[in-house]
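Single-letter residue listing:
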Amino acid sequence: MEVTKLTDIENPLALEQQVCFALAVASRTVISLYRPVLEPMGLTHPQYLVMLALWEFEPVSVKDLSGMLQLEPATLSPLLKRLESTGLITRARSRTDERSLAVSLTEEGRALREEALKVPPTIVERLGMDVGELMDLHARLTKVIAAATRGK
């Protein structure tokens, strides 16, 4: 396989050549597919990501949740407040560490998981892509994220 170098690209400043542009457009476009699917559940896409983490790891500290979602606590806090106000989660001081805030699902939050099981197949169908292609894309994006994180 031949390796393409940046110097081999005719115009390295062309918008359509920019990885950041492709990622930004892909992100906005894919997330827009989630909106009508999540709306009946009363969730925004960022709230859905919080719920996914909680369905898998509940209870979890705000600090750990922030790390899992790669969100700053200041960004995460309003999401948690909104989810708490809708009755899907609770936030309470940890019994083992008063400084830590633990996030847990309510019964309503746990029950929402059943409805959420419909989300992944609906998105795959709307994308019209093979699951194998999507898993390959996921692996490649994970590699890009790791490379970008190392580059900070």
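Starting afresh in each chain, residues are numbered from 1 along the sequence in its written order. Two thresholds apply to this predicted model, a pLDDT of at least 70 for residue-level local features and 80 or more for giving and counting side-chain atom pairs, whereas whole-chain, interface and lining totals are computed over all residues. For side-chain calculations, the full set of non-hydrogen atoms in the structure is used, while hydrogens and water are omitted.

## So, the layout of surface pockets
Selection criterion: Lining residues are defined by having an atom within 4 Å of a point belonging to a cavity or pocket. Those points lie on a 1 Å grid over the protein atoms alone, cavities being sets where a 1.4 Å probe fits but cannot get out and pockets being open sets with protein on both sides within 12 Å along at least five of seven lines. Grid points are joined across faces, edges and corners, and a volume is the space filled by probe spheres set on the points. Secondary structure elements follow DSSP: runs of H or I of four or more residues count as helices, runs of E of two or more count as strands, with numbering from the N terminus. Classification convention: Asp, Glu, Lys, Arg as charged; Ala, Val, Leu, Ile, Met, Phe, Trp, Tyr, Cys, Pro as nonpolar; all other residues, Gly among them, as polar.
If you add up the space inside the largest pocket, you get close to 1,500 Å³. Surrounding the largest pocket, 29 residues form its lining, Val30, Tyr34, His45, His138 and Leu141 being those nearest its centre. Those elements that provide at least two residues to the lining of the largest pocket are α1 (19–38), α2 (45–57), α3 (62–69), α6 (119–127) and α7 (131–150). If you tally residues by element for the lining of the largest pocket, the top one is α7, at eight residues. Across the lining of the largest pocket, the residue classes tally to 24 nonpolar, five polar and no charged.

## Let's talk about the pattern of salt bridges
Definition in use: Between Lys or Arg on one side and Asp or Glu on the other, a salt bridge is scored when a side-chain nitrogen of the former is within 4 Å of a carboxyl oxygen of the latter. Exposed residues in this analysis have more than 50% of their type's maximum accessible area, buried residues have under 20%, and partly exposed residues fall in between, with area computed by a 1.4 Å probe over protein chains only.
Scanning all chains against the criterion turns up four salt bridges. For Arg110, the salt bridge goes to Glu107, with nearest N and O atoms at 3.0 Å. Of this pair, Arg110 and Glu107 are both found in helix α5 (residues 107–116), three residues apart, which corresponds to roughly one turn of the helix. The exposure class of Glu107 is exposed, given its relative accessible area of 60%. Between Arg140 and Asp136 there is a salt bridge whose closest N-O contact spans 3.2 Å. A residue pair is termed a helical-turn pair when its members lie 3 or 4 positions apart in one helix, as Arg140 and Asp136 do in helix α7 at four residues. Here the salt bridges share partners, and the residues they tie into one network are Glu58, Glu107 and Arg110.

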